[in-house]
Amino acid sequence: MTPKPEQLVLRNCALCWPAGVAVASFWGMSYAIAAGVGGALVIGNLWLLSRLSGKLVEGFANEDASIGLWIAVLLVKFIVFLGLFLAVGASLPLFGLALGFVPLMLGILATGIELALREPPDFDAVGGGVTGPPSTDEA
């Protein structure tokens, strides 16, 4: 079974996490530690966001009454992660924490390349034939 694109992004971000630490190590050990912590926070935030936003979209699709709950949980998640970044930023170099976003950028880039290199699906095999743009030929 082929993983979903959001699973690929999460996997590739986790695989690129050491790259952010390696880049930050050029500035010293404290920056490398900060990039490692920042990367862990970014990847944790991405993982939690992928879980919670899926529930929110599912609630919208099913016209469920729990939409307000999921919006509130996402808001609390945002506040908690912002607080964590500010708390960690008080004791670690901010530039190192910013380098913690490197795995996110590299993971998204790697996923885009991975998906671009895949063979396109055969839509006719699943009964959903591809229709191109409307033809301008009247012949």
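It should be noted that the structure appears before, not after, this text.
Residues numbered from 1 in each chain as written. Predicted model: local features only at pLDDT ≥ 70, side-chain atom pairs only at ≥ 80, totals over all residues. Heavy atoms only, no water.

Colleague: With reference to specific residues and values, describe the overall build of the protein chain.
Modeller: Check the secondary structure of the protein chain and you find five helices and zero strands. When the helices and strands of the protein chain are read in sequence order from the N terminus, they spell out α-α-α-α-α. Expressed as a percentage of the 139 residues in the protein chain, the buried residues total 24%. In the protein chain, 72% of the contacts between residues at least 6 apart in sequence involve partners at least 24 apart. Surface accessibility of the protein chain: about 9400 Å² in total, with carbon and sulfur atoms responsible for 71%. (Helix = DSSP H or I, 4+ residues; strand = E, 2+ residues; numbered from the N terminus. Buried < 20%, exposed > 50% of the residue type's maximum accessible area, 1.4 Å probe, protein only. Contact = heavy atoms within 4.5 Å. Areas by Shrake-Rupley, 256 points an atom, 1.4 Å probe, with all protein chains shown as cover.)

Colleague: Mind laying out the side chain of Thr111, listing which residues take part and the relevant values?
Modeller: With respect to the helices and strands, the residue Thr111 is situated in helix α5 (residues 102-117). Classification of Thr111 as buried rests on a relative accessible area of 3%. A polar atom in the side chain of Thr111 sits 2.8 Å from the side chain of Asn12. Sequence-distant contacts of Thr111, that is, excluding residues within four places in its chain, are made with Pro5, Leu8, Val9 and Asn12. (Polar contact = N/O pair within 3.5 Å; in protein donor to acceptor, adjacent residues only side chain to side chain.)

Colleague: Any details on a nonpolar patch on the surface? Residues and values, ideally.
Modeller: Together, Leu75, Phe78, Ile79, Leu82 and Leu86 give the surface a local cluster of nonpolar side chains, amounting to about 530 Å² of exposed area. Relative to the helices and strands, Ile79 is located in helix α3 (residues 67-89). Residue classification places Ile79 among the exposed positions, given a relative accessible area of 53%. (Patch = residues over 30% accessible without salt bridge, like charges linked within 9 Å, V, L, I, M, F, W, Y side chains within 5 Å. Salt bridge = Lys/Arg side-chain N within 4 Å of Asp/Glu carboxyl O.)

Colleague: Give me the lowdown on the side chain of Lys77, citing residues and values where you can.
Modeller: Tracing the backbone through its elements, the reader meets Lys77 in helix α3. With residues near it in sequence (within four places) discarded, Lys77 still touches Asn45, Leu48, Leu49 and Leu52.

Colleague: Give me the lowdown on the packing of aromatic side chains, citing residues and values where you can.
Modeller: For the coordinates displayed, the defined rule picks out three aromatic pairs. An angle of 80° between the planes, with centres 5.0 Å apart, marks the rings of Trp27 and Phe95 as edge-to-face. Remark: Phe95 occurs in helix α4 (residues 94-99) and Trp27 occurs in the loop between α1 (5-24) and α2 (29-61); sequence separation between them is 68 residues. A relative accessible area of 47% places Trp27 in the partly exposed class. A relative accessible area of 41% means that Phe95 is categorised as partly exposed. Geometrically, the ring pair formed by Phe85 and Phe101 is stacked, given 5.9 Å between the ring centres and 20° between the ring planes. On the criterion of sequence distance, the pair formed by Phe85 in helix α3 and Phe101 in the loop between α4 and α5 is long-range, its members being 16 residues apart. Judged by its relative accessible area of 36%, Phe101 falls in the partly exposed class. Cluster of aromatic residues (ring-pair linked, three or more members): Trp27, Tyr31 and Phe95. (Phe/Tyr/Trp six-rings, centres within 6.5 Å; stacked < 30°, edge-to-face > 60°.)

Colleague: Requested: an account of the pattern of salt bridges, with residues and values cited.
Modeller: Overall, the coordinates contain two salt bridges when judged by the stated rule. For the salt bridge of Glu114 with Arg11, the shortest nitrogen-to-oxygen distance reads 2.9 Å. Here Glu114, found in helix α5, pairs with Arg11, found in helix α1; they are 103 residues apart in sequence, far enough to count as distant. Looking at Glu114, the relative accessible area reads 25%, which means it is partly exposed. For Arg11, a relative accessible area of 38% translates into the label partly exposed. With a closest N to O distance of 3.8 Å, Glu114 and Arg118 form a salt bridge. Judged by its relative accessible area of 32%, Arg118 is partly exposed.

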